[in-house]
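Structural overview for review
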Amino acid sequence: MSAATPAASTPEGVSPSAANTSSDPNYNASAIDRLVLDYLRARGLRGAEEALRESIGTSAEDKDSGKVPESSASTSTIPADELVKKLAVFAPKQTKPGENALKDSSSVLQELAAMGNTTNIQNLIASIPSIGAEEILSLDPTDKHEGFRELEAWVEGSLEMYKPEFRPILFPIFCHFYLDLVQHGFKDAALDFHATFSPSLAPVHHTTIHHLSTILLPIHVQTDEVAQRFRNEKYTIRMSRSGFGLLVGWLTEGIGGEATGGGEGFSGEKGKRGRAAIMRVVNNHLRFDVTSSPTTSVSPNAWEESTGFLTSVTPQANGSTLIDPQAFNTSRGELKLGPAPLSEELRTETERLLREQAMVDRDPSAQYDLHYARQTTVPGLVSPSLSDLPPHPPTFKTVDIKREVEKVRDARKRIRLEPSALANVNLNTPQGAAARSRALPSICCYTLHDAGEGAPCCTFSQDTSLMAAGFSESYIRLWSLKGEKLKGYRSDFQSSSIRDASSLKKIREKGGSTTRKLIGHSGPVYSVAFDPIGGSAAPPRYLLSASADATTRLWSLDTMTNVAAYRGHQNPIWDVQWSPMGIYFATASRDRTARLWSTDRTSALRVYAGHLGDVDCVQFHPNSLYLATGSSDWTARLWDVQRGSCVRVFTGHQGIVSTLAFSPDGRYLATAGEDLAINLWDLGSGKRVKKMTGHTASVYSLAFSAESSMLVSGGADWTVRCWDVKSSSSSPSKARENGNHTNGAGAAAPENGDRKEDSLETTDLLATFPTKRTPIIDVQFTSRNLCLVAGPYLSPESR
Amino acid sequence: MSKQNSKARLPPNQLTGIYKADSIRDVADSLNITNLPDAVASALASDVEYRIHQVVEEAAKFMRHARRTTMTTADIDNALRVLNIEPLYGHTPHNPPTFRRALPFPNLQSAGSVYFVEDEEIDFDRVIREEKLALPKGVSWTAHWLAVEGVQPLIPENPPAIARDVEQEQIKPGSPARPGTVFPPTPPSDGPHQAAKKAAQQQQQLVKHVLSRELQLYYTRLTSALLPTSGAVDPTKRDAALASLRHDAGLQALLPYLVRWVGEGVVAALRGGVQSEADGRVLEVFLDVTGALLDNPTLFVEPYLHQLLPPLLSVLLHSSFPPTQSTNLRTAAAHTLAHLLTTYATTYPSLPPRVMKTLLLALLAQGRSAGTREGAVRGLVGVGREAVRKGLLEGGGARVVGAECAEGREGSWSVVDAVMDALRVLHPPSTQPTPLNSADEEDVRLIAQLREQLGDFFAQRLMGDAVWARGVLAGSES
C-alpha cells in the first residue's frame, strides 16, 4: 500500500535535496535543458502525483537518464559537469511543488517547510550529510552496476593470498547497492542488478540474498528488518593491514583494479562514479577490523567469525562498547566449567551403597567403582562449588542415591568409544575393522511409522524405558520401550481412602496398553523432555512439552495427566530442556527470549533477552551453571543461569542455529545451523575449535558420547553421521560410505557439481549411516554409550 | 561473466515478479475498480509479493521446527496467526487443493483464463452405502540396528548400498550442491564413488575363472567317459573315471563345474520323467559321481554342499522311477546322503535337521506317491537311527504309510520293504521269532502300543516277533 501513503520515500526526498545544491546560477543555461524541462513538465501535467511517486523508477526516466551519460561517453562532447547540470535540472522537475520555487538553493528548506507536511522530507535532507554532484549521480542505476562489476573484477584479479580477505567485501556492498536502488525506486534496475550479481554470491549468502530479492519498494526497505540492519548497523569485515591498504588505494586511485578489457570503463567517468558509490558504502556502512596478522595465517573459514553485524550481536556491557564478540568473550572472564559437585552426604551414602553391593555381589572389580564416585577435577577447568549451583533442596532422596550409584556403574560398564583409534588405520584390514569397532558406536534406530504430518520432536528417557514424541496434531504420544503397560490412575476414587502404597495401587487403571496419548496442547508440540532425576536408574516421573500455543506443560507420568501449564511466552515455544538436576527448566521461544522456570512456579524465574531473532534451541551446561541458546540471528549465546547475563557469544554460523549440544566434560559446545555446518566451540575462550561439514540438509539433533570424544548428528538428509571431536578438521576428504572407506580411484573426471559436494565433507567425518527414508529428529547416547536415534519414516507415495 | 552466470542459473526474474500486476488488476476488477493505473497495480503487486514472502519466511520457521522439509498449509496458518492475520480456513494439509482451468468464457473475452478449485460433489447416500472408510492406523514404531560397532548391517531396514546408487542417479546433475539452497527430494549422493563402484562391478564381471587347458581336457574326457553322448557306456572307462574322481588330487578348480554338471544332469533326467532304464542308469552315474566327489580327500566340497543336496534329494524323493530301478536308485541316493551327512554333520550341525525336515515332509504330507514315501523312509535310514525313530514312530510315518499300503496302492510292496528295513535298523529282528501272545496281559498292552505307534498294518507284521517289537518300541521310548 506504499503507493497510496504519502510516506517519506526517498525519490521525493532526494530530488529536492538535489535541487538544494545544484540549482546554481547556470540553471537556465542551455537549450537542451529547456527541452528536458518541457518534456518533464508535460509529464507532470498528466499526473503530477504519479510522477512524484514512481519518478525515476519508471522506464521512461530510466531511459532518459541512461541515455544522457551514454551519449556523453560516446561522443565526449558534453563534459562531466555539464552532465551533472543536466541531471540536476531535471531532478527538481520531479517534485510537485513547482520547479521555480526550489530554484534558489538558499530558500529550499524554507519553501519546503512552508509547504508543510514535509517533516519527513526535512528529516531526510537533514540526514544526508553532504551533498555533492556525486550524490545526484548516485541516482543513476548504471553506476552501481558498473561499480560492482569493477569491484568484483578487482577482487578476482587480486593476488591469491588476498582473495579470501577481499571476497567478504562483495556481499555487503552488493546488499547496499541493491537496497539503494530499491530505495530510490529503481525497481527494474535493482532486479537486473540482483540477477546479474547474485549468482556469484549465492552459494554462501543464499538466505540473505533471497530475502533481499523480495524487497521491491522503498517502503519495504524502511520496514524490513534485514534491510534496516544493513542501513543502521555497521557491517564488520576483518582485513589485514596490507590488504586494507590495497583496498583504500584502489578506491581512491583506482590502482590495481584494471580489469582486462575494462580499461575504458575504469579510467573513464563511469568507473570513477562506480568507485565513488562503493566508497560511500564503505564509509557509511562498513567497519574494517584491521589486524596486523599476516594474511597467510588466516584459515579459509575464518571470515565467518569476523564478518557480519558483529556490533549488534555483541551484548553491550554497561557502557563500554565492545565491537567484537571475541573482545566481549574475553571481557567476561573465566567460566566455571568443571563438573557439578555432589553434596558430601549424598556422596558418602552413595559410596556406602556401592561398597555394600560389591560385598553382596562378590564382585572384586566393583570396588574400583568407588573411584568413579569421587569427584575428579578436570584439569584446566574451574569446578563450581555447591553454593554456585542454583538452589536445590538440602536433603536428598532415595532416588538420588540410586541415580548416583547407577551413574558409577554405567561409567564402569560403558562401551568405550575411541575415535582416535581410527586414525592412520587402513579400514580394509582386520586391524582396521577392530579399530572401527572400538571407535564407532552401535546405533539403534527407532522408526516411527504412519506419522502423517511427521513428528516435530521425539525423545528417550535416560533409562530408555520410555519414548515420547510430540506431533503437529497437538498431542504427545508416549511409548513404553520395555513393553510394559502404561497405566495412569482412575479418576473415580475417594481421596480419603488412600492411605498407603497398596491402596494407591488399587486405583491404578486396569488394562492399558504400551502406548498412551497425552492431550492438552492446542498447537503443534515442538519439544518434549523427560525429567532427569531418576537418571538411568529409575524411570522418569515427569515430562515437559512445549508447543506453538505458547505454553509449556508438565505431565505426570504416574497419573498420565497434565499437572501444570506454564504461561509467559507470547509466542510459540520452540524448545524446552530440563536442567541436569531437575526442578529447573528452560524454554526458547519465537519472542526472542529464553526463560528459566522452576516446576513449582507458574511464572518465569529469569528472562534471557538479547538475541536478535527467534531463540530456536536451548540446552543446559552439564553443571547447570550455564545455559546455551541458539538463535535465528545466526549466533549462539551462553548465559549465566542465575545472573541472567550473557557470558559468551558464538558467531560464525551462516544460517539459523537449529540445534546444540554440550560435551559431557563441559568443555565444548557443538552447534548446528541451517548452513549445514556443525561448529565446535571452546566454551572457555569462546573461540571456534573447528567447523565440520558433510550434511546435505538441515541437522536436527546432536549428541556427544559420554567420553566427549565423538559427536553424532542426525538430520533431514536421512543420515546419521559420526564426527571425531578431537581430530582437526580439514576439507576435502575422501567420503566414507556405509562406514566403508571407499577410495576414490577409478572415479574419472568428476563433474563440477560432484567435486563441490565432495569438498563439503571434512576429514573428521568418521562414518555416515544412511537410513531408508527417515529424517533423524533425535540423537541420544544412553549412559552406557549406546546411540539411540529416532525419526519418522516418510513413505514415498505420501508426498 | 555475469551474463553467462545468469543464464546458467535461473532466469533473472524467477525469484521475483511471481505476483503479476495483472493479478492485481483482476482483483480490482472484481471490486469494480476498473481504472486502476498501471503504476499502482505494479507497485501493489510488488508489495503483495513482499508480504507473501514475509508470510512464507515465517511459515518456514514453523516448517523447520516441525522437522519437515515440505511446507504445509498448517505452517502458513500458524505463520498468519503469529503475524496477527486471520488464518485461511478450509485448507487442510490432508487434501491439497487441485486447481482446474475453466473453459473459456465466450461472453467476456477479456476475462482470460480462470482457475478454480475443484469441489467434488459427494453423494452421502452413495458414500454411506458403498465406501468403507478405513480408520488410519495409529503411529507405531519399530527399532532396528542402524550400525553395530560402526558397521551398518545389511538388513531390510537399512538401505542397500546399490539401491542408493540408483536413487542417486535420479538426482539431476544440475541440482544445487551448495548449502542452504534447495533440499534435494532424495538424499544426497556422492557422485564420484558411484562411478568407482560401477567400475568395480564391471571389473568383477569381466574377470573370469581361468581354467587350465589340461583341466578343460580332463573335464571333457571325464564327462564323456561317464556319460558318452553316443554308444554304450564302457564300464571299465566309467569305473576308471570314477576312481580318478575318487582319488586324484588337483581337481579343486573343476569342482564347481562338476557340481553344476551333476545338478543340471539330474534335473534334465528327472524332468524328462524317468521312463527308461537308460535314464535310471544316468542317474546312477550321477549318484556315483557325487559319492566319488565326497570320497575324494583332497577336495574341499563344503562350499558346494548346498548345490549337491538338491539333486541328491530329488533322486531320493522322485515320485516315479521304473519299478526295476526304483529301490536301487533310492537306496543308492540314501547311501550317498548318509555318507554326506556322516562326513559333514560335525562341521554343519544344522545340516541333518534340515535334511530331516525335508524328508519328514515327504513322508507325512498327504498325497505323495509311494515312491516318494519309500525314498523318504530310505533317506531317514540314511540320516540315522534317531531320524528313523522320529519319522516312523513319533512322527507317525509308519501309520501313514501303513494306511496307504492297506489300501493296496500300486508299488506299495517296495514301501513296505523300506519301512521294514527301517524298522530293522531300529532293532534287529530275532533269529527265532516268537510271536506275541495275545493272551498275555503285558503282550496285549504291547500290541495296543504297537498299533498306536505303527498303525495296524505294520503292527501286524511285527506281532510275529516279540523281541523285535519290544526292541522297536523300547527304542522309541528311550
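Scope of this entry: the structure provided in the associated data block. On a predicted model such as this, the values are computed, not experimentally measured, just so you know.

What follows is about the pattern of salt bridges. Residue and element names in this part refer to chain B. If you walk through the whole model with that rule in mind, you get 38 salt bridges over all chains. The residue Arg246 makes a salt bridge to Asp295 at a minimum N-O spacing of 3.2 Å. In this pair, Arg246 sits in helix H9 (residues 235-247) while Asp295 sits in helix H11 (residues 277-295), placing the two residues 49 residues apart along the sequence. Residue Arg246 is classed as partly exposed on the basis of its relative accessible area, which comes to 27%.

Residue position: A:Gln326 is located in helix H19 (residues 325-331). Separated by 360 residues in the primary sequence, A:Gln326 and A:Gly686 have C-alpha atoms spaced 7.1 Å apart.

Turning to the packing of helix H14 (residues 351-364) of chain B against helix H15 (residues 370-383) of chain B, a few remarks are in order. Residue and element names in this part refer to chain B. Where H14 contacts H15, the two axes come as close as 8 Å, and the packing angle between them is 150°. Here H14 is positioned roughly antiparallel relative to H15, judged by the angle of their axes. Seen from above, H14 lies across H15 with left-handed handedness. Taken together, the residues of H15 that come into contact with H14 (itself represented by Val355, Met356, Leu359, Leu360, Ala362, Leu363 and Leu364) are Thr372, Arg373, Ala376, Val377, Gly379, Leu380 and Val383.

On to the nonpolar core. Note on soluble globular proteins: their nonpolar side chains tend to be buried together. Of all hydrophobic cores here, the largest spans 84 residues; its most connected members are B:Val289, B:Leu337, B:Leu340, B:Leu392, B:Leu423 and B:Leu450. B:Leu392 has contacts with B:Leu363, B:Val377, B:Gly397, B:Ala398, B:Val419, B:Ala422, B:Leu423 and B:Gln453, leaving out every residue within four places of it along the chain.

This next bit is on the sheet that holds strand E22 (residues 677-682) of chain A. By definition, the strands of a sheet pair up through backbone hydrogen bonds, in either a parallel or an antiparallel sense. Residues and elements named next belong to chain A. Within the open sheet, the four strands sit side by side as E20-E21-E22-E23. Their pairing is antiparallel. Each end of this open sheet is capped by a strand with a single partner; those strands are strand E20 (657-662) and strand E23 (688-693). Within the sheet, the average angular offset between the axes of one strand and its neighbour, ignoring direction, is 20°.

This part takes up the sheet that holds strand E16 (residues 615-620) of chain A. All names here are of chain A. The four strands are arranged E16-E17-E18-E19 in an open sheet whose pairing can be described as antiparallel. Each edge of the sheet is formed by a strand with only one pairing partner; in this case those strands are E16 and strand E19 (646-651). On average, each strand axis in the sheet is tilted by 20° relative to the strand beside it, whichever way the strands run. Of the strand pairs in this sheet, strand E18 (residues 635-640) and E19 are connected by five bridges, and their pairing is antiparallel.

Residues and elements named next belong to chain A. Summed over all chains, the structure comprises 27 aromatic pairs over all chains. A ring pair is formed by Tyr446 and Phe460, whose centres lie 5.0 Å apart and whose planes are at 55°; its orientation type is tilted. Of the two residues, Tyr446 is situated in strand E3 (residues 443-449) and Phe460 in strand E4 (residues 457-460); the sequence distance between them amounts to 14 residues. The residues Tyr446 and Phe460 share a single accessibility class, namely buried.

Another aspect to go through is H9(B). All names here are of chain B. Look at H9: 18 Å from first C-alpha to last across 13 residues, which is about the 18 Å you get at 1.5 Å a residue. Turning to H9, its buried residues are Ala241, Leu242, Ser244 and Leu245. For H9, the angular spread of the buried residues around the axis is 155°, confining them to a single face. Of the residues in H9, the exposed ones pointing more than 90 degrees away from the buried face are Thr236 and His247.

This brings us to the pairing of strand E29 (residues 765-770) of chain A. Along a regular strand, successive side chains alternate from one face of the sheet to the other. Residues and elements named next belong to chain A. Counted residue by residue, E29 has six buried out of six residues, so it is predominantly covered. Across five bridges, the pairing between strand E26 (residues 719-724) and E29 is antiparallel. Within the sheet, the bridge partner assigned to Val720 lies in E29 and is Phe769.

Residues and elements named next belong to chain A. Positive phi, close to 65°, is recorded for Ser624, a residue that is not glycine. Position of Ser624 among the secondary structure elements: in the loop between E16 and strand E17 (626-631). A residue is classified by how much of its surface remains accessible, and Ser624, at 0% relative accessible area, is buried. If you check the backbone angles, Ser708 has positive phi at about 65° while not being a glycine. Relative to the helices and strands, Ser708 is located in the loop between strand E24 (699-704) and strand E25 (710-715).

Cut-off values and rules
- Residues numbered from 1 in each chain as written.
- Chains lettered and ligands numbered in written order.
- Predicted model: local features only at pLDDT ≥ 70, side-chain atom pairs only at ≥ 80, totals over all residues.
- Heavy atoms only, no water.
- Salt bridge = Lys/Arg side-chain N within 4 Å of Asp/Glu carboxyl O.
- Helix = DSSP H or I, 4+ residues; strand = E, 2+ residues; numbered from the N terminus.
- Buried < 20%, exposed > 50% of the residue type's maximum accessible area, 1.4 Å probe, protein only.
- Axes fitted to C-alpha atoms, helices over the stretch in contact; angles between N-to-C directions.
- Parallel < 35°, antiparallel > 145°, perpendicular 65-115°, else oblique.
- Left-handed = near helix turned anticlockwise from the far one by under 90°.
- Contact = heavy atoms within 4.5 Å.
- Core = buried A, V, L, I, M, F, W, Y, C linked by side-chain atoms within 4.5 Å.
- Pairing = 2+ DSSP bridges.
- Phe/Tyr/Trp six-rings, centres within 6.5 Å; stacked < 30°, edge-to-face > 60°.
- Expected span 1.5 Å × (residues − 1).
- Arc of directions from axis to C-beta.

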